[in-house]
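Per-entry structural report
The chain contents come next:
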Amino acid sequence: MEADGFVRRRRMTAETTGNDPGVAGASAGAEVRWLGGRFWGVSETIVGSLSPRIGGETELQTVDFNRSAQDAQTEDSEPDYEGLPQGASTSTHMWAGAVAGIMEHCLMFPIDCVKTRMQSLQPAPAARYRNVMDALRRIIATEGLWRPMRGLNATAVGAGPAHALYFASYEKLKKTLSDAIHPGANSHLANGTAGCVATLLHDAIMNPAEVVKQRMQMYNSPYRGVMDCVRAVWYKEGPGAFYRSYTTQLTMNVPFQALHFMTYEYLQELLNPHRQYNPSSHMMSGALAGAIAAAATTPLDVCKTLLNTQESLTLHSLSPSQGPGQGQGQGAHRQISGLAHAFRTVYRLGGLPGFFKGVQARIIYQMPSTAISWSVYEFFKYGLTKHQNDKRRSQ
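The present account deals with the structure reproduced in this document. Small disclaimer: the values here were computed from a predicted structure and weren't measured. (Residues numbered from 1 in each chain as written. Predicted model: local features only at pLDDT ≥ 70, side-chain atom pairs only at ≥ 80, totals over all residues. Heavy atoms only, no water.)

Relative to each other, helix H8 (residues 246–271) and helix H13 (residues 359–394) sit at 55 degrees, their axes nearing to 13 Å. As far as their axial angle goes, H13 and H8 are oblique. Here the hand of the crossing between H8 and H13 comes out right-handed. Along its contact with H8, which presents Met252, Phe256, His260, Phe261 and Tyr264, the element H13 presents Arg362, Gln366, Thr370, Trp374 and Glu378. Broken down by class, the residue content of the contact of H8 with H13 amounts to 5 nonpolar, 3 polar and 2 charged. (Axes fitted to C-alpha atoms, helices over the stretch in contact; angles between N-to-C directions. Helix = DSSP H or I, 4+ residues; strand = E, 2+ residues; numbered from the N terminus. Parallel < 35°, antiparallel > 145°, perpendicular 65-115°, else oblique. Left-handed = near helix turned anticlockwise from the far one by under 90°. Contact = heavy atoms within 4.5 Å. Nonpolar A, V, L, I, M, F, W, Y, C, P; charged D, E, K, R; others polar.)

The terminal C-alpha atoms of helix H7 (residues 226–237), which comprises 12 residues, lie 16 Å apart, in line with the 16 Å expected from a rise of 1.5 Å per residue. What H7 keeps buried is the set Val226, Asp228, Cys229, Ala232 and Val233. Down the axis of H7, the sector holding all buried residues measures 160 degrees, keeping them to one side. Facing away from the buried side of H7 by more than 90 degrees, the exposed set consists of Met227 and Tyr235. Buried positions along H7 lie against helix H5 (152–181) and helix H6 (188–217). Positioned one or two residues after H7, Gly238 has a phi angle of 90 degrees, which is positive. (Expected span 1.5 Å × (residues − 1). Buried < 20%, exposed > 50% of the residue type's maximum accessible area, 1.4 Å probe, protein only. Arc of directions from axis to C-beta.)

Moving on to the environment of Leu250. Within the element layout of this structure, Leu250 appears in helix H8. Leu250 gets classed as buried once you look at its relative accessible area, which sits at 15%. Measuring from C-alpha to C-alpha, the distance between Leu250 and Lys304 comes to 9.7 Å, with 54 residues separating the pair along the chain. With sequence-adjacent residues up to four places away left out, Leu250 is seen in contact with Thr199, Leu200, Asp203 and Pro255.

Within the largest apolar cluster, 26 residues are counted, with the highest numbers of intra-cluster contacts made by Val114 and Trp374. When residues of this core are traced back to their parent elements, those giving at least two are helix H2 (90–107), helix H3 (109–118), helix H4 (132–143), H5, H6, H8 and H13. Counting residues per element, this core draws most heavily on H13, which supplies 6 residues. Beyond its immediate chain neighbours, meaning those up to four positions away, Trp374 contacts Phe167, Tyr170, His260, Phe261, Tyr264, His282 and Gly286. In this structure, Met216, Cys229, Val233 and Ala241 belong to the second largest nonpolar core, which totals 11 residues. (Core = buried A, V, L, I, M, F, W, Y, C linked by side-chain atoms within 4.5 Å.)

With that settled, consider the environment of Ile140. Looking at where Ile140 falls in the secondary structure, it is placed in helix H4. When its relative accessible area of 35% is taken as the criterion, Ile140 is described as partly exposed. Ignoring any residue separated from it by four or fewer positions in sequence, one finds Ile140 in contact with Leu145 and Pro148.

Within the secondary structure, Thr155 sits in helix H5. Judged by relative accessible area, Thr155 falls into the buried class, the value being 1%. Beyond its immediate stretch of four places on either side in the chain, Thr155 contacts His105, Phe109, Met206 and Lys213.

The subject of this paragraph is the packing of H8 against helix H10 (residues 298–309). Taken N-terminus to C-terminus, the directions of H8 and H10 make an angle of 160 degrees; their axes are 9 Å apart at the nearest point. When the interaxial angle is binned, H8 and H10 end up roughly antiparallel. Here H8 runs over H10; the crossing is left-handed. Listed contacts from H10 to Thr248, Gln249, Thr251 and Met252 of H8 are Leu300, Asp301, Cys303, Lys304 and Leu307. Taken together, the residues of the contact of H8 with H10 sort by class into 4 nonpolar, 3 polar and 2 charged.

Turning our attention to the side chain of Ser169. Looking at where Ser169 falls in the secondary structure, it is placed in helix H5. Note on Ser169: relative accessible area 14%, which makes it buried. Setting aside chain neighbours within four positions, we find Ser169 in contact with Ala198 and Leu201.

We now examine the packing of aromatic side chains. Evaluated as defined, the whole model comprises 13 aromatic pairs. Between Tyr243 and Tyr246 the ring centres are 5.7 Å apart and the planes differ by 85 degrees, which places this aromatic pair in the edge-to-face class. Seen from their ring centres, Tyr277 and Tyr382 are 4.7 Å apart, and the 5 degrees between their planes marks the pair as stacked. On the criterion of sequence distance, the pair formed by Tyr277 in the loop between H8 and helix H9 (279–296) and Tyr382 in helix H13 is long-range, its members being 105 residues apart. Residue Tyr277 is classed as buried on the basis of its relative accessible area of 11%. Aromatic rings pair up to connect Tyr166, Phe167, Tyr170, Phe261, Tyr264, Trp374 and Tyr377 into one cluster. (Phe/Tyr/Trp six-rings, centres within 6.5 Å; stacked < 30°, edge-to-face > 60°.)

What follows covers H5. Residues that lie three or four places apart on an α-helix share one face, since the helix turns once every 3.6 residues. Over its 30 residues, H5 extends 41 Å from the first C-alpha to the last, a length consistent with the 44 Å expected when each residue adds 1.5 Å. Ala159 marks the point of greatest bend in H5, at about 30 degrees, and the proline Pro161 comes within the next four residues. (Bend = angle between axes of the 7 residues up to and from the residue.)

The bulk of non-glycine residues show a negative phi, and the bulk of peptide bonds are trans. Although it is not a glycine, Asn220 sits at a positive phi angle of roughly 55 degrees. On the secondary structure map, Asn220 appears in the loop between H6 and H7. With relative accessibility at 59%, the residue Asn220 sits in the exposed group. Phi at Arg275 is positive, roughly 55 degrees, even though this residue is not glycine. Position of Arg275 relative to the elements: it lies in the loop between H8 and H9. On the basis of relative accessibility, which here comes to 24%, the residue Arg275 falls in the partly exposed class.

In structure tokens form, the structure reads like this:
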């Protein structure tokens, strides 16, 4: 029977009398859906259901396609991603996460460049922008078409392994903690905790790439390329410079990811309660979760950017009498180190509004960024899991 793009086939197996007189047998139904080659060519989803029948009958119903009872039992026992997303393997989570991370950062990199510049506390006159589109237009017009993409290769190299560990550890911890806290159901506490732990691994890999990327994104960046930036930072400031903002990054990203994952999972419960592969729900949930988390953690992102870039104009504007270490001479402000120092510097130079510099660019960046990340991740997770299940069935 064919209707509305679905082809439905009903199969019935012969019933045999068992030891329980109340139930003589069971019937099974299966749906096969073709997606018209939109994603993986022909993508098939099988959802099996069992319905008990009142006992005593021994009739044999017509079988539309022949298959042994053993094959039917084997197929029904295979995990289907649409119904059981936790059935995916760790390698699937890692591959899907790596692709999602690289695509997310590459597609949104120009907006990320604008965000970095708009968070500058003491921007040069030529680098003062009214909004995101004004910044993009002026950067391209005055510095060249490819200027907003400087530092992309450093980000791509870091994003792959960072997001692979990020998603794999999140999925593993989420399932383990949910089973312990609320067996058989979703636990928001487990989601938030798993997101926090996953952030520790992600940022440990991503932080050096962030330092290089943001220094190359700044106006009048003196570095010719990624390796030139790495060498200059290493020799002038030492290897510790690559992790100077790590604690600030964690201070920002731990609450960010806790809000992000909890909001995403909550919205999935509302929009996609059966947890099937649904691109629109993944995209909408990711976008809203990213926007909420981004707005709440913007002050910490401003401090992180200051620690990463060590803006020269900001450092020169600080006199020995303006900060911690009074009486220690001008050298006390050659570097801004630590979250507390960054907070004091932002407050002195920008007041309370200074903590929300670039908030518009940050939200505009995070909404499509998290939407891309989740939709790509769920897409590859679905495809890889289905491929593995089909391969097991064929064997």
